[in-house]
Amino acid sequence: MSNKMWGGRFGESPDAIMEEINVSIDVDRHLFAQDIAASKAHAAMLAAQGIIAANDAKNIAKGLDTILSEIGNGSFTFKRALEDIHMNVESRLSELIGSAAGRLHTARSRNDQVATDFRLYVRDTIDAIDAALAAFQHALAARALEHADTVMPGFTHLQTAQPVTFGHHLLAYVEMASRDRGRFHDARKRLNESPLGAAALAGTSFPIDRNATAKALGFDRPMANSLDAVSDRDFVLETLAACAISATHLSRFAEEIVIWTSPLTGLVQLSDKFTTGSSIMPQKRNPDAAELVRAKTGRVIGSLIGLLIVMKGLPLAYQKDMQEDKQGAMEAFAALSLAARAMTGMVHDLTPDKARMKAAAGDGYATATDLADWLVRKLKMPFRDAHHVTGQIVAKASKAGVALDKLPLKEMQAIQPKITPEVFGVLSVESSVKSRVSFGGTAPKNVRAQAKGWLKRLEKEQK
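Read on for an overview of the structure. (Residues numbered from 1 in each chain as written. Predicted model: local features only at pLDDT ≥ 70, side-chain atom pairs only at ≥ 80, totals over all residues. Heavy atoms only, no water.)

**With respect to the overall build of the protein**
Counting secondary structure elements, the protein contains 18 helices and six strands. For the protein, the C-alpha radius of gyration of 30 Å lies well beyond 23 Å, the compact-globule estimate for 463 residues. Expressed as a percentage of the 463 residues in the protein, the buried residues total 47%. Across the protein, every contact between residues at least 6 apart in sequence was considered, and the portion connecting residues at least 24 apart equals 75%. A total of about 22700 Å² of accessible surface is found on the protein, and carbon and sulfur atoms cover 54% of it. Positive and negative side-chain charges of the protein, numbering 57 and 52 respectively, have mean locations separated by a distance of 7 Å. (Helix = DSSP H or I, 4+ residues; strand = E, 2+ residues; numbered from the N terminus. Rg over C-alpha atoms; globule rule 2.2 N^0.38 Å. Buried < 20%, exposed > 50% of the residue type's maximum accessible area, 1.4 Å probe, protein only. Contact = heavy atoms within 4.5 Å. Areas by Shrake-Rupley, 256 points an atom, 1.4 Å probe, with all protein chains shown as cover. Lys, Arg positive; Asp, Glu negative; His and termini not counted. Charge placed at Lys NZ, Arg CZ, Asp CG, Glu CD.)

Right, dumping it as structure tokens:
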């Protein structure tokens, strides 16, 4: 029995193992909406160019709408023997409208067809991810405004460094998400060219209008080289790279939530909505949502690496290896979208322990830099000298087991006689954060202004 998909060239059906390794419908069925949209645009263009009859194009469009409805309501039967979404749609179209369905594939190949479908899919995905990240930013900015004055420890090397505000910390992730969205925007702009009409690899002899199909599908222009159009997946790689960076940012915040919710720190608490219990330890409240965000980041990064490895040795033009471009990417897109929504939920949900945060902010002599800065400003000491004097004072406070602002003045003056009582005005955590008024600094007034600015900008985007 000959293979109907390949016409007269093949006299036998494929081996069962060949069918299994070759089939892609389990993955590319998710491209059904994009495949049907591209086919409708292609059919309309063929009719406009006089390549197929207008009546055939009309019937094709009607049949494709029926298929779209069938897939949408779950009545469509996907057949693995037909290999992919393209052949499944074409086969059903033939059942619906007869031989006119065979005219749809004029002047195109599955090579440019799948490249077009996947570009449309990735474009739609970028728009969805952008919306999820915008919601994440809005949640962060709103909580930042709420906690513009809430003092917490800032860390370097996971050691207490200098006091900051909780609002300032949250705004750091607003900025990261903004750059993430910028990367997705750039990727979308570059991918927005149409491969349709490149055919298998060399273009076509039919008088097609690629500008018309590009416009109909919302692309900026047709791709300029037919070989490039069907054989590169850099638009997927670039989007996955943006996903990997964004997921890494989410994972860093998730890690902080895991640390902050531990009884060892107790800086914040998550409610039952975003925690789980233990099957054996009734007291446990586990930050599983945050932990799973960390884990899903590995899936996203792995998808990027996997596709890079697939593509690295492929000569032009299309190779069947590229069938592996979709599953990992689709899983990565879904993982990032879910992670972003989970982090947004946790931002809304978390409750900081203000008293614990303030106490922790003063641990580890976190205002030592403020003392050094005071010595520079008031005593005109070179900073390196002030750093040395401050280190000696911290060592004395540590030996005495007291906070820096509780060390008696005479003990400080034993090290630097010119120190005055005025120094105590800069040693509290509140005065420390209020003093950080440089652009981008943690001063509460800075945080309020930045948070309000972000909220205004994000709300404007939604209009």
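**Some words on the nonpolar core**
Counting 72 residues, the largest nonpolar core has Phe118, Phe253, Met343 and Met346 as its most contacted members. For this core, the elements supplying multiple residues, two or more each, are α6 (110-146), α7 (166-191), α10 (234-261), α11 (288-311), α12 (327-349), α13 (354-362) and α18 (444-462). Ranked by the residues each element gives to this core, the list is headed by α10, at 14 residues. Beyond its immediate sequence surroundings of up to four residues, Phe253 is in contact with Phe136, Leu140, Leu170, Tyr173, Trp260, Met343 and Val347. Membership of the second largest hydrophobic core comes to 22 residues, among which are Ile25, Ile36, Ile60 and Ile67. (Core = buried A, V, L, I, M, F, W, Y, C linked by side-chain atoms within 4.5 Å.)

**Focus on the side chain of Thr213**
Structurally, Thr213 is set in helix α8 (residues 210-216). Among the residues examined, Thr213 registers a relative accessible area of 2% and is labelled buried. Not counting residues up to four positions away in its chain, the partners in contact with Thr213 are Ala41, His42, Met45 and Leu196.

**Some remarks on the packing of aromatic side chains**
Inspection of the entire model under this criterion finds seven aromatic pairs. With a centroid separation of 6.0 Å and an interplanar angle of 75°, the aromatic rings of Phe118 and Phe235 are classed as edge-to-face. Of this pair, Phe118 sits in helix α6 while Phe235 sits in helix α10; the two residues are 117 residues apart in sequence, bridging distant segments of the chain. For the pair Phe118 and Phe235, a shared accessibility class is recorded, and that class is buried. Where Phe166 meets Trp260, the ring centres are 6.0 Å apart and the plane angle is 70°; that geometry is what we call edge-to-face. On the criterion of sequence distance, the pair formed by Phe166 in helix α7 and Trp260 in helix α10 is long-range, its members being 94 residues apart. Pair check on accessibility: Phe166 and Trp260 agree, each one buried. Against the face of Phe219 rests Arg123, its NZ or CZ located 5.1 Å from the ring centre. (Phe/Tyr/Trp six-rings, centres within 6.5 Å; stacked < 30°, edge-to-face > 60°. Lys NZ or Arg CZ within 6 Å of the ring centre and 35° of its normal.)

**Brief notes about the pattern of salt bridges**
In total, this model carries 28 salt bridges according to the counting rule given. Between Glu70 and Arg92 there is a salt bridge, and its shortest N-O distance comes to 2.7 Å. Of this pair, Glu70 sits in helix α4 (residues 54-73) while Arg92 sits in helix α5 (residues 85-97), and the two are 22 residues apart along the sequence. You can call Arg92 partly exposed: its relative accessible area is 24%. With its nearest N and O atoms 3.1 Å apart, the salt bridge here joins Lys320 to Glu83. In this pair, Lys320 sits in the loop between α11 and α12 while Glu83 sits in the loop between α4 and α5, placing the two residues 237 residues apart along the sequence. (Salt bridge = Lys/Arg side-chain N within 4 Å of Asp/Glu carboxyl O.)

**Some points on α13**
It helps to recall that an α-helix has 3.6 residues per turn; residues three or four apart then point in one direction. Three or more residues of α13 are buried, namely Met357, Ala360 and Ala361. Here the buried residues of α13 occupy an arc of 105° about the axis, which is enough to place them on one side. Those residues of α13 hidden inside the fold are in contact with β1 (151-156), β2 (159-165), α7, β5 (268-269), β6 (351-352) and α17 (429-435). (Arc of directions from axis to C-beta.)

**Things to note about the pairing of β2**
Summarising the sheet, β1 and β2 pair through six bridges and their orientation is antiparallel. Bridged to Phe155 within β2 is Thr160. (Pairing = 2+ DSSP bridges.)

**Structural notes on unusual backbone geometry**
Omega for the peptide link from Leu316 to Ala317 comes to 5°, which places this bond in the cis form. Here Ala317 lies in the loop between α11 and α12. Look at Ala199: it is not a glycine, yet its phi comes out positive at around 60°. Tracing the sequence through the fold places Ala199 in the loop between β3 (193-194) and α8.

Taken by themselves, the reported measurements are silent on function.
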